[in-house]
Amino acid sequence: MTPNDRSILRDLARRVAEVAADPIQDERRTLWRAQNRLQPIRPLIFISPEGSWIELAPEASLQCQDDDARGVERALRQRLYAQEHFHDDTVCDADYRLGRILRDTGWGVGETITRPEESRGAYVWDAPIKTRADLERMTQPTVAVDEAASARVLAFYQDLFGDILNVYFHNPVGGYALVDEWTRLRGITQTFMDMSDDPQFVHDGMRTLMEGRLARTASMLEQGLLGVNNANDYVGSGSWGWSDELPQPDFAGTVRWQDLWGFCAAQIMSEVSPAMHEEFVLQYEAPIAERFGLNIYGCCEPLHRKLDLLKRHIPRLRRVSISPWADKAMSAEQLGDQIIFNWKPNPAVLAGVDFDENWARRDIRETIDICRANGCALDIVMKDTHTCQNQPWRFDRWAEIAREEVER
């Protein structure tokens, strides 16, 4: 890393530390903790530009020369941009978390991916599980830490700006989208056909994934690799882990399953019936979810016709994703004041050719009114925005409208 790159990154780190010291960050922590224990103070707003970041903070705006330095710069600038532009309820802290360098053996099989020349174009893949013999070749993934490589990474970043930001290792627990993972191994169309033609094949595959993921997480816990995710941790598919219910009251420093948020999703099952969702997915997610202290479910799949099944199979269910394709009224009525309504507005409002402020306001107002009528704790999460038509101001304006409606 060049001296100039180092100077740029240290200056950005100082700006992040200054923002993190603002008392408003403590106010936001308080809001999230209240929300997550089902004592909401008001609806909370979280904006995650995702694919639109290349339009909000384009590569041309980066000043570092080294590729690794540019990656750090990009992350720090995104933190600052969000705080300066969105004024949502995202907490900016002075932490810089690093993942330990892990060696994962995987499943012993893997898909072959063919990508287009376009940087953001669609890709295709060849699924490796074509026969039962391929399924039987799968092995349980194991994880080991590359201690030497991890130590080098930690030392580098502590030297870079450890006197400005809190630099430490933190490997979060991942989510469990077993059926989505299975379709990458078996193929989407083939999986749907198997559900009718060879259901046992799907069951055997899902059981293999469930057992493997349980073993992998257990191994990481035994090795002390997972940190608690009850602070400024991205949990679920669009929320924050701030909680005074986790870890458990008897927590003594060693992280256990029950000290963590868990997360399951099944986007591939979006248009599959509740009965088939229960048969092929929920019975394999439930043994995972029962280990966690609190659980989150869902991503982009509409779940309004499956909420009774989720409440039956997923213990300590605290938050459910309500996608743009879900029936909001039906969802709110079933969630009530017992499960957080994690609402994802339709990102087309920002990604479309024109930005319709009236549509944005009506959509937000309608959702707030529905949730108020049913006593729901409401997250308003704008994400999955893969473009804003190169008009970054759209995010700022949408955020203003959301805050106005929340205050109303």
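As the structure is a computational prediction, the values presented were derived from the model and not from experiment.

Undergrad: Run through the overall build of the chain, naming residues and quoting values.
TA: Along the chain, the regular secondary structure elements total 15 helices and 14 strands. For the chain, the C-alpha radius of gyration of 22 Å lies close to 22 Å, the compact-globule estimate for 408 residues. Counting contacts in the chain only where the partners sit at least 6 residues apart, residues at least 24 apart contribute 74% of the total. Just so you have it, the chain exposes about 18200 Å², and 49% of that area is on carbon and sulfur atoms. Positive and negative charge centroids in the chain, built from 47 and 65 side chains respectively, lie 2 Å apart.

Undergrad: Would you mind going over the pattern of salt bridges in detail, with residue names and values included?
TA: Going through the model one piece at a time under the given rule, you end up with 40 salt bridges. As a salt-bridge pair, Glu400 and Arg397 come within 2.9 Å of each other at their nearest N and O atoms. Of this pair, Glu400 and Arg397 both sit in helix 15 (residues 393-407), separated by three residues, roughly a single helical turn. Salt bridges sharing common partners tie together Glu357, Arg361, Arg365, Asp369, Arg372, Arg397, Glu400, Glu404, Glu405 and Arg408.

Undergrad: Could you give an account of the packing of helix 14 (residues 357-374) against helix 15, with specific residues and numbers?
TA: Closest axis-to-axis distance for the helix 14/helix 15 pair is 10 Å, and the angle between their directions is 35°. Classified by chirality, the crossing of helix 15 by helix 14 is right-handed. Residues Glu357, Ala360, Arg361, Ile364, Arg365 and Ile368 of helix 14 lie in contact with helix 15, whose contacting residues are Arg397, Trp398, Ile401, Ala402, Glu404, Glu405 and Val406. Of the residues belonging to the contact of helix 14 with helix 15, the class tally is seven nonpolar, no polar and six charged.

Undergrad: I'd love a proper account of unusual backbone geometry, names of residues and values included.
TA: Here the bond from Leu246 into Pro247 is cis, since omega is -10°, no more than 30 degrees from zero. Although it is not a glycine, Glu50 adopts a positive phi angle of roughly 50°. Along the polypeptide, Glu50 turns up in the loop between strand 1 (44-47) and helix 3 (53-56). According to the relative accessible area criterion, Glu50 is partly exposed, its value standing at 27%. Unusually for a residue other than glycine, Asn390 sits at a positive phi of about 55°. Mapped onto the secondary structure, Asn390 falls in the loop between strand 14 (378-382) and helix 15.

Undergrad: Explain the environment of Ser273 to me, using residue names and the numbers behind them.
TA: Relative to the helices and strands, Ser273 resides in the loop between strand 10 (261-264) and helix 10 (274-289). Considering only alpha carbons, one finds Ser273 and Arg100, 173 residues apart in sequence, at a separation of 40 Å.

Undergrad: Describe in detail the side chain of Asn171, supporting the description with residues and values.
TA: The residue Asn171 is located in the loop between strand 7 (166-169) and helix 7 (178-186) in this model. Within the structure, the side chain of Asn171 is placed 2.9 Å from the backbone nitrogen of Arg100, a separation counted as a polar contact. Sequence-distant contacts of Asn171, defined by excluding residues within four places in its chain, comprise Leu98, Gly99, Arg100, Leu102, Leu225, Leu226 and Gly227.

Undergrad: How would you summarise the sheet that holds strand 11 (residues 294-297) if you had to cite specific residues and measurements?
TA: Spatial ordering of the open sheet is given by 1-14-13-12-11-10, a layout of six strands whose pairing is parallel. Of all the strands in the sheet, the pair left with one neighbour each is strand 1 and strand 10. Strand-to-strand twist in this sheet, taken as the mean axis angle between neighbours without regard to direction, amounts to 20°. The sheet contact formed by strand 12 (residues 317-322) and strand 13 (residues 340-343) spans four bridges and is parallel. Within the sheet, the bridge partner assigned to Ser321 lies in strand 13 and is Asn342. Along the sheet, helix 15 makes contact with strand 1 and strand 14, crossing strand 1 at roughly 170°.

Thresholds, definitions, all that
- Residues numbered from 1 in each chain as written.
- Predicted model: local features only at pLDDT ≥ 70, side-chain atom pairs only at ≥ 80, totals over all residues.
- Heavy atoms only, no water.
- Helix = DSSP H or I, 4+ residues; strand = E, 2+ residues; numbered from the N terminus.
- Rg over C-alpha atoms; globule rule 2.2 N^0.38 Å.
- Contact = heavy atoms within 4.5 Å.
- Areas by Shrake-Rupley, 256 points an atom, 1.4 Å probe, with all protein chains shown as cover.
- Lys, Arg positive; Asp, Glu negative; His and termini not counted.
- Charge placed at Lys NZ, Arg CZ, Asp CG, Glu CD.
- Salt bridge = Lys/Arg side-chain N within 4 Å of Asp/Glu carboxyl O.
- Axes fitted to C-alpha atoms, helices over the stretch in contact; angles between N-to-C directions.
- Left-handed = near helix turned anticlockwise from the far one by under 90°.
- Nonpolar A, V, L, I, M, F, W, Y, C, P; charged D, E, K, R; others polar.
- Buried < 20%, exposed > 50% of the residue type's maximum accessible area, 1.4 Å probe, protein only.
- Polar contact = N/O pair within 3.5 Å; in protein donor to acceptor, adjacent residues only side chain to side chain.
- Pairing = 2+ DSSP bridges.

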